[in-house]
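So you can see what is in the structure, the chains are spelled out below.
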Amino acid sequence: MSVDKVLNMAKTVTTISVYMPQNKMHLIKTMPIKRHKPIAKLFEEKFWEAQ
């Protein structure tokens, strides 16, 4: 898959960011759907960790 295709597909992934001031927590949830399956691994936290 080309870089342009990956980037265009990634632009359509929904991410929700919620800040809860009572306990100062910041939660972020990325929600790829079925059509994002080819790039879903990019949104896994461990994908970006150095090996």
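Residues numbered from 1 in each chain as written. Predicted model: local features only at pLDDT ≥ 70, side-chain atom pairs only at ≥ 80, totals over all residues. Heavy atoms only, no water.

**Student:** Sorry, what's going on with the overall build of the chain here?
**Tutor:** Across its full length, the chain holds one helix and two strands. Ordered by position in the sequence, the α and β elements of the chain form the string α-β-β. What you see for the chain is a C-alpha radius of gyration of 14 Å, clearly larger than the 10 Å of a compact globule of 51 residues, by over 25%. Once the C-alpha set of the chain is aligned to its principal axes, its extents read approximately 45 × 30 × 15 Å. Relative to its full complement of 51 residues, the chain shows a buried share of 6%. Carbon together with sulfur atoms contributes 59% to the accessible area of the chain, which is approximately 4900 Å² in total. Averaging the positions of the 9 positive and the 4 negative side-chain charges in the chain gives two centres separated by 9 Å. (Helix = DSSP H or I, 4+ residues; strand = E, 2+ residues; numbered from the N terminus. Rg over C-alpha atoms; globule rule 2.2 N^0.38 Å. Buried < 20%, exposed > 50% of the residue type's maximum accessible area, 1.4 Å probe, protein only. Areas by Shrake-Rupley, 256 points an atom, 1.4 Å probe, with all protein chains shown as cover. Lys, Arg positive; Asp, Glu negative; His and termini not counted. Charge placed at Lys NZ, Arg CZ, Asp CG, Glu CD.)

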